[in-house]
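Residue strings, one per chain:
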2 protein chains.
Amino acid sequence: MERGNIQSAIDEIGKVCGHTTTDPAELLLYSFDSAKIKHKPDCVVFPESTEEVSEIVKICARRRIPVTARGAGTGCIGGAVPVEGGAALVLTKMNRIIAFNPDGLYVEVEPGIVNAELSGFLEKRGFFYPPDPASLKSSTIGGNVATGAGGPSAVKYGVTGDYVMGLTVVLADGSVLDTGIKTDKGVVGYDLKKLFVGSEGTLGIITKIRLKILPKPEAVVTATAVFPERKDAVSAVIAILHKGIRPRTLEYIDRTAIRCVEGYLKAGLPVNAGAILLMETDGKTADAEKEMDDIREVCLAGGAESLIIAENREEAEAQWKTRRSISASLNRLRPTKINEDVTVPRNRIAELMERTAEMSERTGLPIVNFGHAGDGNIHVNVMTDANDAEEYELALKTVGEILDLTLALDGTLSGEHGIGITKKPYIAREIGATGVKISKAIKKALDPDNILNPGKIFP
Amino acid sequence: MERGNIQSAIDEIGKVCGHTTTDPAELLLYSFDSAKIKHKPDCVVFPESTEEVSEIVKICARRRIPVTARGAGTGCIGGAVPVEGGAALVLTKMNRIIAFNPDGLYVEVEPGIVNAELSGFLEKRGFFYPPDPASLKSSTIGGNVATGAGGPSAVKYGVTGDYVMGLTVVLADGSVLDTGIKTDKGVVGYDLKKLFVGSEGTLGIITKIRLKILPKPEAVVTATAVFPERKDAVSAVIAILHKGIRPRTLEYIDRTAIRCVEGYLKAGLPVNAGAILLMETDGKTADAEKEMDDIREVCLAGGAESLIIAENREEAEAQWKTRRSISASLNRLRPTKINEDVTVPRNRIAELMERTAEMSERTGLPIVNFGHAGDGNIHVNVMTDANDAEEYELALKTVGEILDLTLALDGTLSGEHGIGITKKPYIAREIGATGVKISKAIKKALDPDNILNPGKIFP
């Protein structure tokens, strides 16, 4: 599809939105996200309302010029990179809480609000928004919705999409769609809101979000269990869930990760353990404590050498520090980290671990596994050096093998990051030719000129 | 769109599927569902595999002949009625459990399996499939998915769509789509499975379903609270949920319903109560008991005159009998019941009750309210006589007022039944012109000749 005149579009956008720029520094700043793939937009726009977004999209639609929306740029798969140029729509100025409805148990927010800001607002008022991606201190709710973000608490509380009750979306022709409900359930026509969740800005630009909220649990109990054998840690995950226990988090950290963190933190971590599980229970104080006692029983019966319950907030923070320091500590192994957030059925985690250990041994590349074992979402990190062409090629080949293995284990290529640019070559392996065809038909129906975040998801 | 030759299609279908009939008795039998609106198909087909469904759809697609899939026909909105004739595809022979994966916490079933059969199978093995529509003893899982069915346990466990991990769907051209995951989460491309949930057979014919299952709770505690004042019962619902208590069910029954059931059962029900709440908690025995104690405290502090906890299964059954007998007992009031499953935010339930009471007083038509108060899904029943033309017209007008009231209260027209034929005239009031336009664009993209269950959902 031939694109129209970009300069006249920029001029017209400037009249709608005061904060429109072609400053080269800004173009560079908004040319990448956490995937570090770069492509500059032709202009960067900071709209402040649904109406402005609608006008901007109309201007671009008339000229078939690409519009790529973005929040904080913490996405891991290049989803926010304007690979065909055009307008980068930065939504961080649209960061208000529009409505707080405690009786209806929902909030309405603009897409640019940072996850942790919303969580903080709610906590002060006795409420709770569970989805907690690792990026929560900087990532925006709009980005969380557009990618379908998860987090450690997904094992109990589900992912972002489970909290989306309604959306306001600017469509490819600039028209505005209000979709969704203010109730817990509803079956009136197709579930359009779910179609936009995880669609990475390719079907519309989200300008308002209604999110379900929960009453804040009275207590959170945190504990770390140390397993001499990796496979026992994995078996314990399944045993805990089969007992009907519903931990708030159930995180797995393998020996390589423990050793990296210990080298970094010098915290006296159990460097000879096969794996550790970091777990939380929540609810009424007595219930959360009882549930952690049940977990302790399962873990000790299942080969754990210890389970230490944090006695206070400081001790809990210290336990979490191990988990949170993994990513930063990994560069002690190799300068480049290729992080795949593959997800397998819980009963296949052990196989995933074994087979990636074999790959590591065979290739000599360190492969570090950690993440949300409770829902099978393991972050498999292949460590390499992007400046060593031969090794990097081997690393990419190994990543391909890991993705094939994941599918062979009935898994999915991405639990919470999405497809964007980086996983585009692999999507058909998972969803098949018919899945791609149907998805493209929907894209074509909603965005016939392919102006919304073109070049993403589909090969 | 002009349709092709039906007789040649029937001949060809007969070669693919042995059980194909044009027997007038069968055509009549499959001409309606629980909405009692009738339109005969041209033939009735009982396929036994995805391949057969695919072949049948291909035969119809070549002639642009309608295909309307159905299960047990328990739907309340005419969704299974073949209003444009063509082939009625009865999926009740496809009723196998294909896979039971306790470690992966999922089952795979064919669409024709009855909800209660699946539940029974799982319970015997210590597992649990929560969605429990009132029709569960006869309705099929395929129909539950196609309508997005709910049930009393939705307040804690969510609705059918929350359990759908994957689907096999025969598309409008007869091609077969496998979509979804075998894991708890995944964000690989558009969430196609969610698009088919609640799409009432208009986008594809579901031939295989993968459902999430849970470990069966150790105990269920049942109790009934009696409130002299209706408004106190409604306030207690909100208070319970705000305490962070998560009842498994939280059902509301108003005075008119209590009196009807008492006239029918002679069970000594509290006929002077404003309303009663029927509630369950579940989980580990001690936890479920503790949670019901917490509920008792909230109810008694909030104006309940009593809360009786069932001491055993028989007492629990007796309490549920009241709830389950409402529909049958209502014909004591009037021969015709118009049942709307509107849903409002919980904090607007009281207004819905008050305003429908006013309507009842003004029109002289009994209006009976009961249902899933925990998620705001109230079954509002306007009682009338369809043979009294004048009164029936008044009743339909009143239903229109109730739907308008529901939207004014930020509610949705249907919590769990769907749109089908009966609510088609109202859908644009809720989802708006843009919502209808986008939904139709998706329908057109997936079913360009409009052969899949035509005449439904959209005006």
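This one's a predicted model, so the numbers in the text were calculated from it and none came from an experiment. (Residues numbered from 1 in each chain as written. Chains lettered and ligands numbered in written order. Predicted model: local features only at pLDDT ≥ 70, side-chain atom pairs only at ≥ 80, totals over all residues. Heavy atoms only, no water.)

(A) Representation of the interface of chain A and chain B within the structure. In this assembly, 80 residues from chain A lie in contact with 80 residues from chain B. A buried area of about 5900 Å², summed over both sides, lies between chain A and chain B, and 63% of it is on carbon and sulfur atoms. For the pair chain A and chain B, the number of links is ten salt bridges. A salt bridge links D375 of chain A to K185 of chain B, with the shortest nitrogen-to-oxygen separation between them at 3.2 Å. Along the contact surface separating chain A from chain B lie 18 residue pairs in polar contact (both at pLDDT 80 or more). (Contact = heavy atoms within 4.5 Å. Buried area = accessible area lost by both parts, 1.4 Å probe. Salt bridge = Lys/Arg side-chain N within 4 Å of Asp/Glu carboxyl O. Polar contact = N/O pair within 3.5 Å; in protein donor to acceptor, adjacent residues only side chain to side chain.)

(B) Focus on the nonpolar core. The biggest cluster of nonpolar side chains holds 170 residues, and the ones touching the most others in it are L211, M279 and C299 of chain A together with L211, M279 and C299 of chain B. When sequence neighbours within four positions are dropped, the list of residues in contact with M279 of chain B reads V221, T222, A223, A225, I240, T249, L250, M292, I295, C299 and L307 of chain B. (Core = buried A, V, L, I, M, F, W, Y, C linked by side-chain atoms within 4.5 Å. Buried < 20%, exposed > 50% of the residue type's maximum accessible area, 1.4 Å probe, protein only.)

(C) Just helix α11 (residues 313-324) of chain A, in detail. In a regular helix each residue adds 1.5 Å, so twelve residues correspond to 16 Å; α11 of chain A covers 16 Å between its end C-alpha atoms and thus fits that length. Measuring from the backbone nitrogen of E314 of chain A back to the side-chain oxygen at the start of α11 of chain A gives 3.2 Å, which picks out N312 of chain A as the cap. (Helix = DSSP H or I, 4+ residues; strand = E, 2+ residues; numbered from the N terminus. Expected span 1.5 Å × (residues − 1).)

(D) View of the sheet that holds strand β10 (residues 205-212) of chain B. Residue and element names in this part refer to chain B. If you walk across this open sheet you meet the five strands as β5-β6-β10-β8-β9, and the pairing is antiparallel. Both outer strands of the open sheet, β5 (97-101) and β9 (176-180), are each paired with one neighbouring strand and no more. Pairwise comparison of adjacent strand axes, ignoring direction, gives a mean angle of 10° for this sheet. Summarising the sheet, strand β8 (residues 164-170) and β10 pair through six bridges and their orientation is antiparallel. (Pairing = 2+ DSSP bridges. Axes fitted to C-alpha atoms, helices over the stretch in contact; angles between N-to-C directions.)

(E) The arrangement of the side chain of T183 of chain A in detail. On the secondary structure map, T183 of chain A appears in the loop between β9 (176-180) and α7 (192-196). Residues contacting T183 of chain A, with those up to four places away along its chain left out, are M165 of chain A together with T343, V344, P345, D410, G411 and T412 of chain B.

(F) Representation of the relation of the copies chain A and chain B within the structure. For these two chains of identical sequence, chain A goes onto chain B by a turn of 180° and a shift of 0.0 Å along the axis, with RMSD 0.0 Å. Expressed as a symmetry operation, the mapping of one chain copy onto the other fits a two-fold axis. Here 100% of the contact residues of chain A are again contact residues in chain B; the copies associate through an equivalent surface. (Least-squares fit on C-alpha atoms with pLDDT ≥ 70 in both.)

(G) Focus on the environment of R323 of chain A. Among the secondary structure elements, R323 of chain A is positioned in helix α11. Excluding anything up to four places from it in sequence, R323 of chain A contacts E251, I253, L278, F370, G371 and H372 of chain A.

(H) Up close: the pattern of salt bridges. Residues and elements named next belong to chain A. With the rule as written, the count across this model stands at 62 salt bridges over all chains. Ionic pairing is found between E391 and R334, a salt bridge with its closest N-O pair at 2.9 Å. On the criterion of sequence distance, the pair formed by E391 in helix α14 (residues 389-408) and R334 in the loop between α12 (326-329) and β16 (336-340) is long-range, its members being 57 residues apart. On the basis of relative accessibility, which here comes to 16%, the residue E391 falls in the buried class.

(I) Representation of unusual backbone geometry within the structure. Residue and element names in this part refer to chain B. A positive phi is found at D410, a non-glycine position, where the angle reads about 65°. In this fold, D410 is placed in the loop between α14 (389-408) and α15 (427-446). Note on D410: relative accessible area 25%, which makes it partly exposed. Positive phi, close to 40°, is recorded for N453, a residue that is not glycine. Mapped onto the elements of the fold, N453 is located in the segment after α15.

(J) Broad picture of the sheet that holds strand β2 (residues 43-45) of chain A. Residues and elements named next belong to chain A. Ordered in space as β1-β2-β4-β3, the four strands form an open sheet in which the pairing is mixed. The open sheet has two edge strands, β1 (20-21) and β3 (67-70), and neither has a second partner. Bridge count between β2 and strand β4 (residues 87-90): three bridges; the pairing is parallel. Residue pairing in the sheet places V45 in a bridge with L89 of β4.

(K) Region of interest: the pairing of strand β6 (residues 106-109) of chain B. Residue and element names in this part refer to chain B. Neither face of β6 is exposed, since Y106 and E108 on one face and V107 and V109 on the opposite face are all buried. With antiparallel pairing between neighbouring strands as the criterion, β5 and β6 make up a hairpin whose turn holds four residues, including L105 at a positive phi of roughly 55°. Bridging between β6 and β10 involves four bridges; their strand directions are antiparallel. From the neighbouring strand, E108 faces β10, where its bridge partner is R210.

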